[in-house]
Amino acid sequence: MSTRNAYNVEVTPVILAGGSGTRLWPLSRKSYPKQFVPLLGDTTLFQSVARRLSGGGEQFSFARPLILANSLFRFIIAEQLAKENIDPQAILIEPEGRNTAPAILAAALHLVASKPDAIMLVAPSDHVVPDVAAFHQAVEKGLVAAEAGDLVTFGISPTRPETGYGYLEAQSRPDGSGEPIKLASFVEKPNAARAEEMLATGNYLWNAGIFLFAAKDLIAAFEQHAPAILSAVRAAVEQAESDLGFLRLAAEPWSEAESVAIDYAIMERADNLSVVPFDAEWSDLGGWDAVWSHSRPDENGVALSGAATALDCRDTLLRSESDGLEIVGLGLDNIVAVAMNDAVLIADKSRTQDVKLVVEALQRKGAPQAEAFPKDHRPWGWYESLVVGPRFQVKRITVLPGASLSLQSHFHRSEHWIVVEGTAKVTVGDDVQLLSENQSVYVPVGAMHRMENPGRIPMVFIEVQTGSYVGEDDIVRYEDRYARK
């Protein structure tokens, strides 16, 4: 982190962690979208953003982040932040997706309740910005305009006539200094001819969806341009309730807020707008072709991930996302192949923007792979089903250090637990015992039971369920004790 001078503004990062990312199926799905997946290396996009929005520059420092997400992702978010040793000031849970305008407004209202002059930097959770120092410098440039009352957005200097992004029209051509420029208009995704024209003029930038402003100025903009949204969201924030360390926005008033992007609700109507040009590398990883280009292809244009082998291939991406699953490409040209244990995608690289059509086809077919991810995250860890039959199911379950499953029982199934990694503290009825690797226990039908991890490393066990019904809803919970020690 750079040495800061006496002029030190605190900026609160607001990370938008919703979205489904269907164009990166099968690795990204509705229940586990791309921002939580390690697409490039071992770090997820969400973790990279959280890390990027920490520390600060010479003239500002980042406060602890504020996260917005839906209920489905809350435990994933908490787990991934913990791995980065980042303690958020709050994780706001949206009862349902209402697009970016209500979400960003909720963050602003939450912030001004404790800090009336808060400045917030809003960023999506699924973008790639390799040059962190350059991004921090851009934030410093934007702070001047934000402190003067402007709503600041960030525009990416275009490198091609892209039709997949919206554009920002600056009132003058960027001069390379990175200084904020007054914003003339927002432009919808253009056709190819219009994109060529805008690239030639030099004063159009890609809309990155990143914003910087004082929370009170954003609230004032809603008072002027979208008072109905402000009324609904304010009620949702004021009636929010704490739940296991998360803050749940009130569902009823939230449902009354119009589902609309902040671009339409505010930015296209306000007149106090500036844009900071950003010349460094940026990507929203909007398709497998983008993942391929950021995966450092070799001299033949081949990029590999996991247990993958390429023979006589060109301009191809091969990824194996499952242990023990080897993917081999022979004589492939311009192909994307992504293999998981429950689904495989093989596509022409030029058609990767159409992967969402694959998801739609699977949804019509009723295939669970369209939305459900093999690994199900819970507050205590995660599990994945290995084998499912008519009267049995086999799961691999990972319990985080110091975490515990609920005290529970089942009406229709018994369970066998075999510890394969770590040490487990097991309760079955009145009996409590410690199990180490290669030890097991039997849980009869109807017996109250609990599994805990008293150790300092993740504990893994295999659960074999047998009975007339093995659905997730066959459960009676007596006590939840999720908190890690």
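These numbers were taken from a predicted model, which means no experiment stands behind them.

Cut-offs used in this document
Residues numbered from 1 in each chain as written. Predicted model: local features only at pLDDT ≥ 70, side-chain atom pairs only at ≥ 80, totals over all residues. Heavy atoms only, no water. Salt bridge = Lys/Arg side-chain N within 4 Å of Asp/Glu carboxyl O. Helix = DSSP H or I, 4+ residues; strand = E, 2+ residues; numbered from the N terminus. Buried < 20%, exposed > 50% of the residue type's maximum accessible area, 1.4 Å probe, protein only. Polar contact = N/O pair within 3.5 Å; in protein donor to acceptor, adjacent residues only side chain to side chain. Contact = heavy atoms within 4.5 Å. Core = buried A, V, L, I, M, F, W, Y, C linked by side-chain atoms within 4.5 Å. Domains from an automatic or database assignment. Expected span 1.5 Å × (residues − 1). UniProt positions renumbered as here; feature names shortened; annotations may be inferred. Buried area = accessible area lost by both parts, 1.4 Å probe. Nonpolar A, V, L, I, M, F, W, Y, C, P; charged D, E, K, R; others polar.

Enumeration according to the criterion identifies 20 salt bridges in this entry. The partner of Lys-83 in a salt bridge is Glu-79, with the nearest N and O atoms 3.4 Å apart. With Lys-83 and Glu-79 both in helix α2 (residues 74-83) and four residues apart, this pair spans about one turn of that helix. Under the relative-accessibility criterion, Glu-79 is labelled buried at 6%.

So, about the side chain of His-449. Along the polypeptide, His-449 turns up in strand β27 (residues 449-452). Look at His-449 and you get buried, because its relative accessible area is 2%. Looking at His-449, its side chain comes within polar contact range of the side chain of His-410, at 3.2 Å. Beyond its immediate stretch of four places on either side in the chain, His-449 contacts Ser-406, Leu-407, Gln-408, Ser-409, His-410, Glu-415, Trp-417, Thr-427, Val-428 and Val-443.

What follows is about the nonpolar core. Val-11, Leu-39, Ile-77, Leu-121, Phe-154, Leu-212 and Trp-288 are the most contacted members of the largest nonpolar core, which has 76 residues in total. It is helix α4 (residues 132-147) that provides the largest number of residues to this core, a total of seven residues. The residue makeup of this core includes at least three contributed by each of domain 1 (9-278) and domain 2 (288-359). Every residue in contact with Val-11, bar those within four places of it in the chain, is listed here: Phe-60, Ser-61, Phe-62, Ala-63, Ile-119, Met-120, Leu-121, Leu-143 and Leu-212. In this structure, Ala-90, Val-122, Ala-215 and Ala-221 belong to the second largest nonpolar core, which totals 51 residues.

With that settled, the discussion passes to helix α3 (residues 100-114). For α3, which comprises 15 residues, the first-to-last C-alpha distance of 22 Å matches the rise-based estimate of 21 Å (1.5 Å per residue) to within 8%. Looking only at α3, the buried set comprises Ala-101, Pro-102, Ala-103, Ile-104, Leu-105, Ala-106, Ala-107, Ala-108, Leu-109 and Leu-111.

Time to look at the UniProt feature "domain: Mannose-6-phosphate isomerase type II C-terminal" (unreviewed entry) in the protein chain. Mapped onto the present numbering, the UniProt feature "domain: Mannose-6-phosphate isomerase type II C-terminal" (unreviewed entry) falls at residues 371-480. Between the C-alpha atoms that bound residues 371-480 the distance is 28 Å, and the span itself is 0% helix and 57% strand.

Before going further, it helps to examine the domain arrangement of the protein chain. Annotation of the protein chain at the domain level lists domain 1 (9-278), domain 2 (288-359) and domain 3 (375-479). Taken together, the contact between domain 1 and domain 2 spans eleven residues of the former and 18 residues of the latter. Both sides together, the interface formed by domain 1 and domain 2 hides about 1,300 Å², and carbon and sulfur atoms give 68% of it. Together, Arg-23, Trp-25 and Leu-27 form the three largest contributors to the area buried by domain 1 at its contact with domain 2, with a combined 45%. Taken together, the links from domain 1 to domain 2 amount to one salt bridge. Between Asp-342 and Arg-29 there is a salt bridge; the shortest N-O distance is 2.8 Å. One can count four residue pairs in polar contact (both at pLDDT 80 or more) joining domain 1 with domain 2. Taken together, the residues of the side of domain 1 that touches domain 2 sort by class into eight nonpolar, one polar and two charged.

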